[in-house]
Amino acid sequence: MACLPEMTLPAYAELHCLSNFSFQRGASHPEELVARAHALGYAALALTDECSVAGVVRGHTEAKKLGLKLLLGAEFVLEDGCKLIALAHDLAGWGNLCEFITAARCSAVKGTYAVSRQRSDFSLLAHCEILLIPHLAINFEALCAYCTWARGLFDSRLWLVLEVQHGLGDDLWRHALARASLLTGVPLVAAGNVHMHVRSRKPLQDVITAVRLGVPVSECGFALQPNAERHLRSRQRLGNIYPPELLAATLTVAARCSFSLDELRYQYPMETVLPGLTPAQTLRQFTYEGASRRYPQGMTASVQQQIEHELALIAELKYEVYFLTVHDIVAFARSRHILCQGRGSAANSAVCYCLGVTEVDPSRMAMLFERFISRERNEPPDIDVDFEHQRREEVIQYIYAKYGRDRAAIAATVVSYRPRSAIRDVGRALGIDEALIDAFAKDHHWFDGKALQDGQLAQRLQDAGRAPDDVSIRQWLALTTQLLGAPRHLSQHVGGFVLTQGKLTRLVPVENAAMPDRSIIQWDKDDLDAMGLLKVDVLALGM
């Protein structure tokens, strides 16, 4: 087929794209996918990680910078291997999607999820566009039955997806989907099943597949992708692969999805505000009550001036309830004789001192409050409070009891590949001798993620008894470099709680933590800062 001239390049929106936050499936960062889609002139890109929105804040930040429309959604693999993709139409759709992910994650052990045709509540996916991707092995009668079942649930929001990756059965599959679409009334749409931003990531894609399966690449067989087609392809190639009406349908789907993370409005919980008073009035009352205890002989004019200066700035930036929440947690701990101590830049605050959060009197230390909170930096306050580690769990469960599991959860920490873990995982996937892997990993400090000078690498290979031009070793180090910084899994923050006035699960999904009676959200500290969500740090003091 002749190539399309530049002026007739079709408009296209990619609707099925996994980042490396689909752990050990996607081979590219969200930022890389967004930048590549923008460079290719895509009308929009959907980030649809598997039962997760852990990477969307990073993708959103990059998309805003470049001016690319970003669709937010998630992929769900059902028990029979078929997939559903949900894309949020609007703010209500985003909240519904987060609740659906929460239900799927919390009904399974950490790191897994459960979505079932029989047991899942698909009504939670209202205000979402739904894409159905049948399993390639499904027979035609089952395919039509699946479409009929899904059409009954999602009606005109449902699409049947054709993904062409140059497999042997592409033509037969295209014909089967077209017939099923005609018989059931579910319209067809094109998608790419993207796992990487460029085709050169295919070797890394093979490596992470081997890591997921726990075997070398050489033993993965058909588990490996058969080619490198699951990348963001040029619009010219897409125009040669898909019928024009299926490419146009991607724009219809994208047009129905207008939600942006900028629409999220975070509201701090109001339980700590005294009845009949505003947050500012409550904070002022508690501050001056504390000041009378801190300064029994009376405050100096400079102390009162400092308190008034801080209260004015806190009110201007609307952080009053944050201070009240920290004060409430500290007051609970002291009422139970649990040792606690605030630290860090909060020690610069006279308000924190009067509230009993810190024990350093700023008036004696000539500290600058603006090191803690600054109008110019526009950064949220960060108050670290240490509790005696033997009894910190009492404080944590107090928070859960006060705000409820649907309004309180711990922030995540994205555990990323560092040199030692990357060297080990890539080396084992490539079948490198275990002794050599151990030697390089234990001495990993020489590897900083940048290309080594040839002389350095040659010397190390000679020391290990390998030829300086050993291709497998060079591939090992090159792929290790690519893997550095990629997320491995979500872990639990040491104690950063996110609290909300409404349901937290309408803002971000919540899932089980590894520890009993703990739950975490899918965003880490950097994501919280980017979205303007405050966290309360309930940390442990070992002394």
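Residues numbered from 1 in each chain as written. Predicted model: local features only at pLDDT ≥ 70, side-chain atom pairs only at ≥ 80, totals over all residues. Heavy atoms only, no water.

Q: Go over unusual backbone geometry with me, naming the residues and quoting the values.
A: Trans is the common state for peptide bonds, and a negative phi is the common state for residues other than glycine. Even without a glycine there, the phi angle at glutamine 24 is positive, about 60°. Examined against the element boundaries, glutamine 24 turns out to sit in the loop between strand E1 (13-14) and helix H1 (30-39). A positive phi is found at asparagine 193, a non-glycine position, where the angle reads about 50°. As for its position among the elements, asparagine 193 is in the loop between strand E7 (188-191) and helix H6 (202-213). (Helix = DSSP H or I, 4+ residues; strand = E, 2+ residues; numbered from the N terminus.)

Q: Can you explain the packing of aromatic side chains? Please cite residues and give values.
A: Here a ring pair, both rings aromatic, is described through the centre-centre distance and the interplanar angle of the planes. Under the definition given, this model contains 15 aromatic pairs. Ring geometry for phenylalanine 122 against tryptophan 149: centres 5.5 Å apart, planes inclined by 85°, an arrangement best described as edge-to-face. Residue phenylalanine 122 is found in the loop between helix H3 (91-106) and strand E5 (128-133), and its partner tryptophan 149 is found in helix H4 (residues 140-154); the two are separated by 27 residues along the sequence. Residue phenylalanine 122 is classed as buried on the basis of its relative accessible area of 6%. Relative to tyrosine 268, the ring of tyrosine 266 lies with its centre 5.8 Å away and its plane at 85°, an arrangement referred to as edge-to-face. Exposure remark for tyrosine 268: the relative accessible area of 9% places this residue in the buried category. Put simply, the rings of Phe76, Phe100, Phe122, Tyr146, Trp149 and Phe154 pair up and form one aromatic cluster. Over the face of the ring belonging to tryptophan 149 we find arginine 117, whose NZ or CZ atom lies 4.5 Å from the ring centre. (Phe/Tyr/Trp six-rings, centres within 6.5 Å; stacked < 30°, edge-to-face > 60°. Buried < 20%, exposed > 50% of the residue type's maximum accessible area, 1.4 Å probe, protein only. Lys NZ or Arg CZ within 6 Å of the ring centre and 35° of its normal.)

Q: Before we move on, can you summarise the environment of leucine 153 with the specific residues and values?
A: Locating leucine 153 in the fold gives a position in helix H4. Looking at leucine 153, the relative accessible area reads 39%, which means it is partly exposed. In this structure the C-alpha to C-alpha distance between leucine 153 and serine 123, which are 30 residues apart in sequence, comes to 7.7 Å.

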